[in-house]
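Below are the chains, spelled out letter by letter.
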Amino acid sequence: MEAAAASSLWGGLNSGIVLSLLAVVWAMLWQALQGLQLQQYFGRHSRRLSRRLASILDPDLTVTVAEYDGGRMRRSDAFKEAKAYLERATREARGGVRHLKAEPDKDPDRLLLSMDDDEEITDEFRGATVTWRACTAPPREDSAPAYFWGRAPRADRRFYRLFFAERHRDLVLGDYLTHVRREGRAVMVKNRQRKLFTNISGDGSWDSDGVWSHVVFEHPKTFATLAMDPDKKKEVMDDLDAFRNGKDYYARVGKAWKRGYLLYGPPGTGKSTMIAAMANHLDYDVYDIELTSVRTNTDLRKLFIETTSKSIIVVEDIDCSLDLTGKRKKKNKKEEDGENKKDGTTTKQQEEDKEKEDEKAGGSKVTLSGVLNFIDGLWSACGGERIIVFTTNHVEKLDPALIRRGRMDKHIEMSYCCVQAFKFLAKVYLDVDDHPRFDAVAALLREVDMTPADVAENLTPKAPGEDADSCLAALVEALEKAKEDALAKKAKGKEEAGSADELDDEE
Ligand SMILES: Nc1ncnc2c1ncn2[C@@H]1O[C@H](COP(=O)(O)OP(=O)(O)OP(=O)(O)O)[C@@H](O)[C@H]1O
Ligand SMILES: [Mg+2]
């Protein structure tokens, strides 16, 4: 027994000596390679190999920071923070990264550099040296179908792996990881660019960020250039400010920190413009959901969960994107089918047609209840500080359940251009406070409906010689034409009604 123990001890010592020798030989070889200027060629692999050899003597511990981990549906905050931290380390040229990835930066003249896949960076913290590696792995076979959340096939799984020596265990797992998260958050705040996200998959001009693609949000519209009744505008702005500063209030009354706005009115009255002004006022990101591209209610939930706080979630033309009458249509179809069956006329062809129709309808299966759930179901309380905006041209078509207070807390009507709004636009577009043509425009605006979009278009100089006077003259002309058209339409309507009455009498 003793002999066996002695021999295994001897064997252990032997392998230790051999490994130490190997490390020394390798270090010498490395010096020689440097001398021969071959370092550039072997650089990355040699460094990694030396680290691996050293780690045999003092084995590395690892921490993995995955983008999506443990069945989480959201991108991990820790991953985002580590990414921001390592991007800064790469930019400051610490750790000698040789293979970099470049993305557009906030500053248009610069590029945001980060480690390429499988690249490593070293970092120092209170005398400890640690190494980060950027890794990717193919998606898990069992995790989801090839087409996922209505987007292109799933991307590879990304994660960072942190290597450090056993002797630095407490330091790294304690203070260092806290330091990385804190610093990463600070970098994120500093680099923050407002973004406009969409759930439609990228076409090259969009950067992918999980289930969303984004571009930098740079809409110039603010409340200062939005024409609407001044009292109404102030009310909206106060409401937004109260929401932004209402964290404690929402917590006290036990409500999720979110607010719904319904913007309704005819086309061209400034609904989309108002959303841009809201985003600029609050300094929030905008998530523009194209409901027709969302395949199921589950996908909608996933999209919602992936939004960040301080954001406006927009569904434009909600009446067009959601089949609010779906149930009724299905009922009618059933009735029709029932009648056919009664007649005994249901043929194989009809059944096939029905199947095909059902298959086609499978494009988007988002239902009204799915949307209601997304606005104020349990999931809507995930995260906070979110504004949900629906726009529509036909408020009367919307299901009352969708727009009741509590879901859509504030209903804002965007209407045709009033005299006040016109004067506001004249100041913004032509820089005039008063003009002899103002009275004519005001009189016409009281008689005829014109959208702010049309008024703004007429007030825009279109050639170098055009000034305030010619623009206002063009507006008066356009208003007169609109008035004539409206009168002609009215007369035609009356004529048709008259001839219909005559026909009734004859019958
Ligand atoms: N109230 C307004 N104040 C200033 N500009 C406006 C206003 N309304 C519209 N405009 C101008 O008209 C253009 C069209 O407006 P916008 O896209 O906001 O209309 P909309 O109500 O969203 O229309 P739609 O219902 O067709 O989506 C904008 O580019 C904007 O410059
Ligand atoms: Mg619009």
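The shown structure was predicted, so the numbers you read here are calculated from the model rather than taken from an experiment.

## Some points on the overall build of the chain
For step 1, the next point in the chain: In terms of helices and strands, the chain carries 17 helices and 16 strands.
For step 2, the next point in the chain: Across the 507 residues of the chain, 24% fall into the buried class.
For step 3, the next point in the chain: Of all intrachain contacts in the chain linking residues separated by at least 6 positions in sequence, the fraction that spans at least 24 positions is 73%.

## Observations concerning the packing of helix α5 (residues 230-244) against helix α7 (residues 271-282)
For step 1, the next point in the chain: Where α5 meets α7, the closest approach of the two axes is 11 Å, and the angle between their N-to-C directions is 45°. As far as their axial angle goes, α7 and α5 are oblique. Crossing of α5 over α7 shows right-handed handedness. Judged by residue contacts, M237, L240 and R244 of α5 engage M278, H281 and L282 from α7.

## Thoughts on the nonpolar core
For step 1, the next point in the chain: Grouped together as the largest cluster of nonpolar side chains are 62 residues, with contacts concentrated most on I275, I312, V314, V389 and L425.
For step 2, the next point in the chain: When residues in this core are grouped by element, the largest group, six residues, is from α7.
For step 3, the next point in the chain: Both domain 2 (207-325 + 365-413) and domain 3 (419-506) contribute no fewer than three residues apiece to this core.
For step 4, the next point in the chain: Not counting the four nearest positions on each side in its chain, V314 is found in contact with I275, V286, Y287, D288, I289 and V389.
For step 5, the next point in the chain: Formed by 19 residues, the second largest nonpolar core is a distinct cluster that contains A82, M115, W132 and A134.

## Points about helix α8 (residues 297-305)
For step 1, the next point in the chain: When we look at burial in α8, the residues that qualify are D299, L300, R301, K302, L303 and F304.
For step 2, the next point in the chain: Those residues of α8 hidden inside the fold are in contact with α12 (368-376).

## Quick look at the site of ligand 1
For step 1, the next point in the chain: Near ligand 1 you find 15 residues, and of these P267, G270, S272, T273 and A453 are the closest.
For step 2, the next point in the chain: Among the elements of the structure, α7 and α16 (452-458) are those that each provide at least two residues to the shell around ligand 1.
For step 3, the next point in the chain: Counting the residues that make up the shell around ligand 1, at least three belong to each of domain 2 (207-325 + 365-413) and domain 3 (419-506).

## Here's the deal with the sheet that holds strand β4 (residues 120-125)
For step 1, the next point in the chain: An order of β1-β8-β5-β4 is seen for the four strands of this open sheet, with the pairing classed as antiparallel. Only two strands of the sheet have a single neighbouring strand rather than two, namely β1 (60-66) and β4. Ignoring strand direction, the axes of neighbouring strands in this sheet form an average angle of 25°.
For step 2, the next point in the chain: Two elements, β1 and strand β8 (residues 157-165), share seven bridges in a ladder whose sense is antiparallel. For T62, the partnering residue across the bridge sits in β8 and is F163.
For step 3, the next point in the chain: Packing of helix α4 (residues 169-191) onto the sheet brings it into contact with β1, β4, β5 (128-137) and β8, and relative to β5 it is tilted by some 70°.

## Some points on unusual backbone geometry
For step 1, the next point in the chain: Although it is not a glycine, D283 sits at a positive phi angle of roughly 65°.
For step 2, the next point in the chain: Structurally, D283 can be placed in the loop between α7 and β13 (285-288).
For step 3, the next point in the chain: D283 sits in the exposed class, given 10 other C-beta atoms within 10 Å.
For step 4, the next point in the chain: Within the chain, D431 stands out as a residue other than glycine whose phi angle is a positive 60°.
For step 5, the next point in the chain: Given 8 C-beta atoms within a 10 Å radius, D431 is considered exposed.

## Focus: the pairing of β8
For step 1, the next point in the chain: Inspection of the sheet shows β5 paired to β8 by seven bridges, in the antiparallel sense. Note that in β8 the partner of W132 across the bridge is L162.

## Notes on the confidence of the model for the chain
The predicted structure's coordinates, where accompanied by low pLDDT, should not be read in detail.
For step 1, the next point in the chain: Averaged over all residues, the pLDDT of the chain equals 79, while 75% of them reach at least 70.
For step 2, the next point in the chain: Below pLDDT 50 for its whole length, residues 1-6 participates in zero contacts with residues either more than four positions away or in separate chains.
For step 3, the next point in the chain: On the interface metric, ipTM, the complex scores 0.98, and its pTM is 0.69.

Thresholds, definitions, all that
Just so you know, the residues in each chain are numbered from 1, in the order the chain's sequence is written. Chains carry letters from A onward and ligands carry numbers from 1 onward, assigned in written order. Only residues with pLDDT of 70 or above have their local features reported here, since the model is predicted, and side-chain atom pairs are shown and tallied only from 80 upward, although totals for entire chains, interfaces and linings are computed over all residues. Each helix is a run of DSSP H or I of at least 4 residues and each strand a run of E of at least 2, with the numbering of both proceeding from the N terminus. Three exposure classes are used, all based on how many other C-beta atoms lie within 10 Å of a residue's own C-beta (placed from the backbone): buried at 20 or more, exposed at 12 or fewer, and partly exposed between those limits. Any residue pair is listed as a contact if its two C-beta atoms, each placed from the backbone, are within 7 Å. Interaxial angles span 0 to 180 degrees and are taken between N-to-C directions of axes, which are lines fitted to C-alpha atoms, for helices over the stretch in contact. Small angles under 35 degrees read as roughly parallel and large ones over 145 as roughly antiparallel, with 65 to 115 read as roughly perpendicular and the rest as oblique. Note: crossing handedness is left-handed where the near helix turns anticlockwise from the far helix by less than a right angle, and right-handed where it turns clockwise. Buried Ala, Val, Leu, Ile, Met, Phe, Trp, Tyr and Cys residues whose C-beta atoms connect them within 7 Å together make up a nonpolar core. Segmentation into domains, and thus their bounds, comes from an automatic or database assignment. Any residue whose C-beta atom, as set from the backbone, lies within 6 Å of a molecule or strand is reported as near that molecule or strand. Whether two strands pair comes down to DSSP finding at least two bridges between them. The pLDDT value expresses, per residue, how confident the predictor is, ranging between 0 and 100.

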